[in-house]
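Overview (structure and organization)
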Amino acid sequence: MKFGGTSVGSAQRMKNMVALVAAEGNVLVVLSAMSGTTNSLISISQSIHDAEPGNARKQIDDLEIKYKDTAAELLSDTELRDKALTYIDEVFSSLRGYVDRPFSIKEEKEVVAFGEKLSTNLVSLYMRQIGLDAILLDATEFMRIDRNGEPDQNFIKEKTMETLAAHPGHQIYLTQGFICRNMDGEIDNLQRGGSDYTASLLGAATDAEEIQIWTDIDGMHNNDPRFVEGTTPVSELHFEEAAELAYFGAKILHPTCVLPAKHANIPVRLLNTMEPEAPGTTIYNAEPTHTIKAVAAKDNITAIKIKSSHMLLAYGFLRKVFEIFEKYHTPIDMITTSEVGVSVTIDNERCLDSIVRELSELGDVTVDHDMVIVCVVGDLQWENKGFEATVVNALKDVPVRMISYGGSNYNISLLIRKEDKIKALKLLSENIF
Ligand code: ADP
Ligand code: ASP
Ligand code: MG
């Protein structure tokens, strides 16, 4: 069971989530930081990095008050409350230790890790207060990423099983989402929203019966509820559909968190802590439904077009193009081709100048910034008729830069301008659902 930021966002929310855990029993629980905390820790890091110590200290003081208040409200047992306050003192005095010291990305990762450490510490003390048989495990002992920043799944499985075996027989095992170590043994993390990923990696590592992602909404909706009104939850998704939606912007799931569950064939359920009886969404090897399930959008996309008459009737041209992206460790999301050109999209402009310089040796290069991929997901096998027409027709008043279909059985992706995103999402909902 994984609980997100809102689900541990206050003393009362922590009590509610513990009640859900207690009702389940025999469970591994993964917690995020309290909502807002990771953002605050990033902002504190930014202030330290920018040599604004006063600003950093003020934010640290404010955050400390929030944790002391939460501990006071959560823990009525004086001994446990004192333990929590001592721990909070320790964390905040280490945080203050970072101000006025050389501060690099390594220190920033240590700072952002405090959020999950604080939330799990408070919840474990509360579990003890109400007499639950719970044990707190340190995620940095069994969660590790490799040199590419990818989870080291063999290590995770081995170490997790070892750690569980060292503490046999408890009803509840509690640990931090998001945080891990890297190959140099330093504190690191699984990127923003990474607690979902921790949960699915641990579900796969322990061969769990089910992975439950508890959040602040009743499952995966058929469109982004932050931009479109009247969206509704999708009751079932195939692993591939959920993976596409998460990767292409459905914020409810970390972009790659479906993959470990998919490989281990463990169902993932998305559930609402504020409405625990709601059925939510179940992600599994669902049967094809011959329907479109949902729409999502991914921001900050750059489109690159390479046009060359050398491509005409030639072979090896695409390999040369792709090798340049490989050289600069820049993944490609969408591709479309014609006889004389190819367009690709990337979501990371870090090496854009070098990429464009090298691509220019192959042909004329044009770059469009601030684009958005809109992804329509469902049972889109090519034998199913009419879905492409519905999607394209829905967007007939929106300029579309690229369309990609046929790469998988589950999606149609369209590239549009950032300023057209909300209009496009609304039009798709109106026309499809
Ligand atoms: P948590 O803190 O529990 O991890 P997140 O904020 O990461 O929660 O994810 C839940 C949020 O995702 C919802 O509140 C909603 O605003 C947003 N969201 C974006 N797209 C979708 C979607 N298709 N279905 C449901 N929620 C979505
Ligand atoms: N606390 C981390 C974040 O805000 C991880 C998570 O919540 O999943 O990104
Ligand atoms: Mg999240």
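Residues numbered from 1 in each chain as written. Chains lettered and ligands numbered in written order. Predicted model: local features only at pLDDT ≥ 70, side-chain atom pairs only at ≥ 80, totals over all residues. Heavy atoms only, no water.

So, the nonpolar core
Ranked by internal contacts, the top residues of the largest apolar core, which has 102 residues, are F3 and L253. With 8 residues, helix α4 (residues 78-98) is the single largest residue contributor to this core. In this structure, F3 is in contact with V8, M17, L20, V21, V29, V30, L31, S32, W214 and T273, ignoring residues within four places of it in sequence. (Core = buried A, V, L, I, M, F, W, Y, C linked by side-chain atoms within 4.5 Å. Buried < 20%, exposed > 50% of the residue type's maximum accessible area, 1.4 Å probe, protein only. Helix = DSSP H or I, 4+ residues; strand = E, 2+ residues; numbered from the N terminus. Contact = heavy atoms within 4.5 Å.)

Quick word on empty space enclosed by the protein
Considering all chains together, one arrives at 1 cavity of 30 Å³ or more under this definition. There is about 40 Å³ of room inside the largest cavity. Lining the largest cavity, in full, are S200, I211, I213, C257, V258, V268 and I283. (1 Å grid on protein atoms, 1.4 Å probe; cavity = no way out; pocket = protein on both sides within 12 Å on 5 of 7 lines; lining within 4 Å. Points joined across faces, edges and corners; volume = space filled by probe spheres on them.)

Some remarks on a nonpolar patch on the surface
A grouping of L312, L313 and V340 is seen on the molecular surface, where their side chains present a nonpolar patch of about 310 Å² in accessible area. Here L313 lies in the loop between β11 (292-307) and α11 (317-327). (Patch = residues over 30% accessible without salt bridge, like charges linked within 9 Å, V, L, I, M, F, W, Y side chains within 5 Å. Areas by Shrake-Rupley, 256 points an atom, 1.4 Å probe, with all protein chains shown as cover. Salt bridge = Lys/Arg side-chain N within 4 Å of Asp/Glu carboxyl O.)

Concerning the site of ligand 1
Of all residues adjacent to ligand 1, which total 16 residues, the nearest are G5, T215, D216, H221 and K251. One nitrogen or oxygen atom from the side chain of T215 is found 2.7 Å from an oxygen atom belonging to ligand 1. Relative to its unbound accessible surface of 570 Å², ligand 1 loses 87% to contact with the protein. Per-class residue counts for the shell around ligand 1 are 5 nonpolar, 6 polar and 5 charged. (Near = heavy atom within 4 Å. Polar contact = N/O pair within 3.5 Å; in protein donor to acceptor, adjacent residues only side chain to side chain. Nonpolar A, V, L, I, M, F, W, Y, C, P; charged D, E, K, R; others polar.)

Side note on the layout of surface pockets
Here the second largest pocket is characterised by a volume of approximately 530 Å³. If you trace the second largest pocket, you find 19 residues lining it, with N26, V27, L28, A208 and E210 closest to the centre. Residue assignment for the lining of the second largest pocket shows that the elements contributing at least two residues are β2 (27-31), α8 (195-205) and β7 (211-215). Per-class residue counts for the lining of the second largest pocket are 10 nonpolar, 5 polar and 4 charged.

Some thoughts on the site of ligand 2
Close to ligand 2 lie S32, A33, T38, E116, F178, R192, G193, G194 and S195, which account for all nearby residues. Within the contact set of ligand 2, an oxygen atom lies 3.2 Å away from a side-chain nitrogen or oxygen of S32. When isolated, ligand 2 has an accessible area of 260 Å², and the protein chains bury 86% of it. Residues of the shell around ligand 2, tallied by class, amount to 2 nonpolar, 5 polar and 2 charged.

Observations regarding the packing of aromatic side chains
Applying the stated criterion across every chain yields a total of 4 aromatic pairs. Seen in terms of ring centroids, F3 and W214 are 5.9 Å apart; in terms of plane orientation they differ by 15 degrees. Their pairing is stacked. With F3 in strand β1 (residues 2-3) and W214 in strand β7, the pair connects residues that are 211 residues apart, well separated along the chain. Side by side, F3 and W214 carry an identical accessibility label, which is buried. (Phe/Tyr/Trp six-rings, centres within 6.5 Å; stacked < 30°, edge-to-face > 60°.)

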